[in-house]
Amino acid sequence: MRIGKIVKVAMALSTLFVIWRWTVVAAGNVTASHEYQIGKYYRFEELNQDGIRQEFTPQYNRLQSIELFIANVYDDTDGSIQIVIGDEKGNEIFRKSYLVSKIPTGEFYEYKIRKTLKPGEHYDLYISYNGNSEELPQLMVSEKTKNLVETETMYVQWEASDYNVAISYNYAWRSLLGFSY
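The rules behind each value
- Residues numbered from 1 in each chain as written.
- Predicted model: local features only at pLDDT ≥ 70, side-chain atom pairs only at ≥ 80, totals over all residues.
- Heavy atoms only, no water.
- Helix = DSSP H or I, 4+ residues; strand = E, 2+ residues; numbered from the N terminus.
- Contact = heavy atoms within 4.5 Å.
- Salt bridge = Lys/Arg side-chain N within 4 Å of Asp/Glu carboxyl O.
- Pairing = 2+ DSSP bridges.
- Axes fitted to C-alpha atoms, helices over the stretch in contact; angles between N-to-C directions.
- Buried < 20%, exposed > 50% of the residue type's maximum accessible area, 1.4 Å probe, protein only.
- Polar contact = N/O pair within 3.5 Å; in protein donor to acceptor, adjacent residues only side chain to side chain.
- pLDDT = per-residue confidence, 0-100.

### Quick notes on the side chain of Arg53
Here Arg53 lies in strand S3 (residues 52-56). Discounting residues that sit within four places of it in the chain, Arg53 has contacts with Asp124, Leu125, Tyr126, Thr153, Met154 and Tyr155.

### So, the pattern of salt bridges
Counted by the stated rule, this structure contains 5 salt bridges. Glu45 serves as the salt-bridge partner of Arg43, at 2.8 Å between the closest nitrogen and oxygen. A network of salt bridges, in which partner residues are shared, links Arg53, Glu55 and Asp124.

### What about the sheet that holds strand S11 (residues 159-161)?
Judged by pairing direction, the sheet is antiparallel, and its 6 strands sit side by side in the order S6-S5-S8-S3-S10-S11 without closing on themselves. Single-partner strands in this sheet number two, and they are strand S6 (92-99) and S11. Strand-to-strand twist of the sheet, defined as the mean angle between neighbouring strand axes without regard to direction, takes the value 20°. Two elements, strand S5 (residues 80-87) and strand S8 (residues 123-130), share 8 bridges in a ladder whose sense is antiparallel. Counted as the bridge partner of Gly86 is Asp124 from S8.

### Some thoughts on the side chain of Gln138
With respect to the secondary-structure elements, Gln138 resides in strand S9 (residues 138-143). The class of Gln138 is buried, set by a relative accessible area of 13%. Among the polar contacts listed, one links the side chain of Gln138 to the backbone oxygen of Leu136, at a separation of 3.3 Å. Setting aside anything within four residues of it in sequence, one finds Gln138 in contact with Phe44, Glu45, Glu46, Phe69, Ile70, Ala71 and Asn72.

### Focus: the confidence of the model for the chain
Detailed reading of the predicted coordinates is not advisable wherever pLDDT is low. Of all residues in the chain, 76% have pLDDT values of 70 or greater, and the mean over the chain is 78. Within the model, pLDDT remains below 50 along residues 23-28, and this stretch shows 8 contacts once partners closer than five positions in the same chain are excluded.

As structure tokens, this is what we get:
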């Protein structure tokens, strides 16, 4: 009789646990976009092979994309813009080249990343240009703002700047049974 009671209590507790976990799963996949509202404080930086480095700290575990504004890429058909993300240990976790001829010039463009990152850890975003154009592409950088909590220091030619490169960071927080992946 006592074993039957223990089994019933165990089944009731396990049923409650499963129900709780499934409610977490249902609410587990969340998307978020942290955007910078363009104001009067922005400028354009030349992109060369050395590129621009932006330190950032993601707020969620899945970086879906970033938005950048690149201009002056009209006459280059073979060049490419390279985006690289490295972790705080110096490991490269993302690298992709985008043909300049396919980038809409002078408008915001979303660059797909789709990488799992660790929220709260530091990463480096590198953006550089490889090509033969005499006129280098220009990357719009904007003054740091409080609503982009991701951004830390930006470096142009190894010098720190109070600007940032990404206009938005787009995330998806993913979880399975309440555990992020």
